[in-house]
Protein chains: 2
Amino acid sequence: MGRLSFVTTARSAGARCGLMQTRRGPVQTPVFMPVGTQASVKGLTPEEVAGLGAELVLANTYHLMLRPGCQVVAGLGGLHCFMGWQGPILTDSGGYQVFSLSGLRRLDEEGVSFRSHLDGELMRLTPEAVVAAQEELDSDLMMVLDECPPAGAARGYLEQALARDARWAARALAARSEKGGALLGIVQGGVYYDLRARSVESVCALDMDGFALGGLSVGEAKEEMMEVIARTAPLLPADKPVYLMGVGEPADLVRCVGLGVDMFDCVLPTRMARNGTLLTARGRLNLRNARYKDDPQPVEEACGCYTCRGYSRAYLRHLFMARELLSYRLNTIHNLYYVLQLMAGLRRAIVQDAYESFARGFFSCLEEGRGEEALPN
Amino acid sequence: MGRLSFVTTARSAGARCGLMQTRRGPVQTPVFMPVGTQASVKGLTPEEVAGLGAELVLANTYHLMLRPGCQVVAGLGGLHCFMGWQGPILTDSGGYQVFSLSGLRRLDEEGVSFRSHLDGELMRLTPEAVVAAQEELDSDLMMVLDECPPAGAARGYLEQALARDARWAARALAARSEKGGALLGIVQGGVYYDLRARSVESVCALDMDGFALGGLSVGEAKEEMMEVIARTAPLLPADKPVYLMGVGEPADLVRCVGLGVDMFDCVLPTRMARNGTLLTARGRLNLRNARYKDDPQPVEEACGCYTCRGYSRAYLRHLFMARELLSYRLNTIHNLYYVLQLMAGLRRAIVQDAYESFARGFFSCLEEGRGEEALPN
């Protein structure tokens, strides 16, 4: 078996279902990847993550490189063994974190130097080193190193970055060893459609196993992002998965699936959970709201998650206000379940060629719930 | 069925096994109660706590009174329903926290006034209010309000406190309603054996369902504490359980079981877990120690807990150093499992009339492990 295969199994409007075969088993798309930044989906065991319906998780190479170190993970049998996750893992390149988290970075043709946000140590990423690090982690889906320009970067700057990204992608591909996992290229180009098209062209010229849309959800307007996706996704080869990096707001998931995106990751559901905000079909529920103090209802009556089956809003609010560890865990279980069920619902709808009515139902339910936080149920 | 019954089922040296029947099912003694201060054993679900072997948990009335409020819990069906714990619950009186946590307290014959450590609100506890609060929680084993004098309190002061404690205990008993849970009296008297004996006499004059040894492990020398227990426990009626409050160091559990104690609670195993310290038969293992960075072994090879069956010391150290939520949870699972297994081992040994050889084995293993932290395994 190869590193990655992808077949489209159903289509509905602009959306598609697919079956992605990885080295560690199949993944049904469209898929949402819970984020396990530091080799842990915050607060949950791998069994819980799998039990919520996740088939693929993401880990961050940058964080693991800094702590405990990719070589340490390799010495312990790789990331799957280290963290106890049996399914496939996608790792990012670390580039995004270098550009968002680390201090004092300097970019040159060879790579990027930066200081660790943990201890200030001087570090260096090159396209080759990033592939080697991901191979040490034994990643199933690796990402190439690219530059992540901020939203609003000048066109001329983006053009230069694109050209270097193409050279870096070729170097990454050449650096991958026989035993390395699948490698995904990244389409950049900001909000310039012609630059996106140019980036697609150069990335597709390489034998990548899939393609990511990068540099979105970084501060540009929501409709601008949607338009870039709508215009760029169709340019990509239909026989490879399309991954939209860093997007996970439920409404965005529904819309972007309709634009042909197959893969998503985002910290939003898990981070919001830790901030006491729960995702529901009718919108967000904020546990800080005093109206939940003696509310015996579950977060969502119709939800089948462990949290909703066993606990009241009143208890969840209490745990959150008391900063109890169980709070973060129960909230995370609900939010991940919500998002993973949403993806499962989208897949079922696509199979039944009912994407559009599913999306209409989703948005009308959300609309109904607006402002509900201010009112009694 | 009554509120609480207790029968001794086996004896070995000074230790005994018992079966305690509560309103919510049987409890085998000697028993360790995990602490769920704010209606949650930190980081764990009730199913996990039960799965670790816990039959009885403790919750803190003081904390729940302040947040979310005992009436709120009552309105939601009581503490069991609120937190999802099906088994029996022991609640303390809140007195200890008033004397250790809260500000500006003033004691009089009627009760104690204090300011909430959360928001400074002026609150008042009386023997009657404390029973009412515990009944609102629907506690199965309630504690009477008493004063908790600091270690080293003068003898004259302790004598006055004892006399008031006796009056308060009688008022608590009178205040209990028909539907109220079992009520346990508390023996005080510091390290003065004659005062302890006097306290036993006055507490035993009341129709209490059990007896606690209070005011120990509050700063006095370890051997002083052991001597007080050794001299006081035999004075208590043999047909009621003896509860040593706030003791949970493994070596202390083994010794105090040998002195006839039936019940224990302590935050030590769970708090240590959150501080990265793991309890083992050979002593404590501190995950901060760099020697564990690439150690593929489980915390304890022979341990059957979820953490030891699935994760390496290296991963646990990584999670702890990275302040991952899963760290506190996996460590807590191990430490609670360790203590609950220790209690199960003690019960088995007593049934086989082998308490003394069990205790010898325990201490020799601990002795062997001394200083191990500084050496490779």
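A short note on the sheet that holds strand S3 (residues 25-29) of chain B
All names here are of chain B.
Part 1 of the argument: Taken together, three strands build an open sheet; the order of strands is S1-S2-S3 and the sheet is antiparallel. A single partner strand is all that each edge strand has here, and the edge strands are strand S1 (4-12) and S3. Strand-to-strand twist in this sheet, taken as the mean axis angle between neighbours without regard to direction, amounts to 15 degrees.
Part 2 of the argument: Of the strand pairs in this sheet, S1 and strand S2 (residues 15-22) are connected by eight bridges, and their pairing is antiparallel. Note on S2: the bridge partner recorded for Val 7 is Leu 19.

Digging into the relation of the copies chain B and chain A
Part 1 of the argument: Each copy of the sequence occupies a distinct position, and chain B is placed on chain A by a rotation of 180 degrees and an axial shift of 0.0 Å, giving an RMSD of 0.0 Å. What the superposition gives is, in effect, a two-fold axis relating one chain to the other. Residue Leu325(B), judged by its C-alpha, is the member of chain B lying nearest the rotation axis, at 3.8 Å.
Part 2 of the argument: Most of the interface of chain B is mirrored in chain A, where 100% of its interface residues are also at the interface.

Quick notes on the interface of chain B and chain A
Part 1 of the argument: Contact residues are listed per partner, giving 32 residues for chain B and 32 residues for chain A.
Part 2 of the argument: Among the secondary structure elements, those contributing two or more residues to the side of chain B that touches chain A are helix H3 (70-75), helix H4 (79-83), helix H13 (313-321) and helix H14 (325-351) of chain B.
Part 3 of the argument: At five residues, the largest contribution of residues to the side of chain B that touches chain A is made by H13(B).
Part 4 of the argument: Class assignment for the residues of the side of chain B that touches chain A results in 17 nonpolar, nine polar and six charged.

Structural notes on the nonpolar core
Part 1 of the argument: Counting residues in each nonpolar core, the largest one holds 232 residues, and the members touching the most others are Met33(A), Val57(A), Leu244(A), Met33(B), Val57(B), Leu244(B) and Val261(B).
Part 2 of the argument: Among residues more than four places away in sequence, those in contact with Leu244(A) are Leu213(A), Leu216(A), Ile229(A), Cys256(A), Val261(A) and Phe264(A).

Side note on helix H6 (residues 127-137) of chain B
Residues and elements named next belong to chain B.
Part 1 of the argument: Taken across its 11 residues, H6 has eight buried, putting it largely inside the fold.
Part 2 of the argument: Buried within H6 we find Pro 127, Val 130, Val 131, Ala 133, Gln 134, Glu 135, Glu 136 and Leu 137.
Part 3 of the argument: Where H6 terminates, the next one or two residues include Asp 138, which has phi positive at roughly 65 degrees.

Quick word on the pairing of strand S3 (residues 25-29) of chain A
Residues and elements named next belong to chain A.
Part 1 of the argument: Of the strand pairs in this sheet, strand S2 (residues 15-22) and S3 are connected by five bridges, and their pairing is antiparallel. Pairing of Gly 18 across the sheet is with Thr 29, part of S3.
Part 2 of the argument: The loop that links S2 with its antiparallel partner S3 comprises two residues.

Looking at helix H10 (residues 250-258) of chain B
Part 1 of the argument: Counting buried positions along H10(B) gives eight out of nine residues, so the element sits mostly inside the fold.
Part 2 of the argument: Pro250(B), Asp252(B), Leu253(B), Val254(B), Arg255(B), Cys256(B), Val257(B) and Gly258(B) are the residues of H10(B) that are buried.

Considerations on the sheet that holds S3(A)
All names here are of chain A.
Part 1 of the argument: The three strands are arranged S1-S2-S3 in an open sheet whose pairing can be described as antiparallel. Of all strands in the sheet, those with a lone pairing partner are strand S1 (4-12) and S3, marking the two edges. Ignoring which end each strand starts from, the neighbouring axes of this sheet average 15 degrees apart.
Part 2 of the argument: Seen against the sheet, helix H14 (residues 325-351) touches S1, S2 and S3 and runs at an angle of roughly 115 degrees to S2.

Topic: the packing of helix H6 (residues 127-137) of chain A against helix H7 (residues 155-175) of chain A
Helix-helix packing is characterised by the crossing angle of the two axes and by the distance between the axes.
All names here are of chain A.
Part 1 of the argument: Direction vectors running N to C along H6 and H7 enclose 40 degrees, while the axes themselves pass 8 Å from each other. In terms of orientation, H6 and H7 fall into the oblique class. Every pair of crossing elements has a handedness; the one defined by H6 and H7 is right-handed. Facing H6, whose interface residues are Pro 127, Glu 128, Val 130, Val 131 and Ala 132, H7 presents Trp 168, Arg 171, Ala 172 and Ala 175.
Part 2 of the argument: Residue composition of the contact of H6 with H7, grouped by class: seven nonpolar, no polar and two charged.

Some thoughts on the environment of Ala322(B)
Part 1 of the argument: Among the secondary structure elements, Ala322(B) is positioned in the loop between H13 and H14.
Part 2 of the argument: The partly exposed category is assigned to Ala322(B), around which 19 C-beta atoms lie within 10 Å.
Part 3 of the argument: Ignoring any residue separated from it by four or fewer positions in sequence, one finds Ala322(B) in contact with Gln38(A) and Arg67(A).

Points about the domain arrangement of chain A
All names here are of chain A.
Part 1 of the argument: What the domain assignment lists for chain A is domain 1 (4-266) and domain 2 (273-374).
Part 2 of the argument: Inter-centroid distance (C-alpha atoms) of domain 1 to domain 2 is 27 Å.
Part 3 of the argument: Taken residue by residue, the interface counts 25 residues in domain 1 and 26 residues in domain 2.
Part 4 of the argument: Counting only elements with at least two residues in the side of domain 1 that touches domain 2, the list comes to S1, S2, strand S4 (31-33) and helix H10 (250-258).
Part 5 of the argument: Among the elements that take part in the side of domain 1 that touches domain 2, H10 stands out by supplying six residues, more than any other.
Part 6 of the argument: Its residues assigned to classes, the side of domain 1 that touches domain 2 shows 16 nonpolar, six polar and three charged.

Conventions and cut-offs
Residues numbered from 1 in each chain as written. Chains lettered and ligands numbered in written order. Predicted model: local features only at pLDDT ≥ 70, side-chain atom pairs only at ≥ 80, totals over all residues. Pairing = 2+ DSSP bridges. Helix = DSSP H or I, 4+ residues; strand = E, 2+ residues; numbered from the N terminus. Axes fitted to C-alpha atoms, helices over the stretch in contact; angles between N-to-C directions. Least-squares fit on C-alpha atoms with pLDDT ≥ 70 in both. Contact = placed C-beta atoms within 7 Å. Nonpolar A, V, L, I, M, F, W, Y, C, P; charged D, E, K, R; others polar. Core = buried A, V, L, I, M, F, W, Y, C linked by C-beta atoms within 7 Å. Buried ≥ 20, exposed ≤ 12 C-beta atoms within 10 Å, placed from the backbone. Parallel < 35°, antiparallel > 145°, perpendicular 65-115°, else oblique. Left-handed = near helix turned anticlockwise from the far one by under 90°. Domains from an automatic or database assignment.

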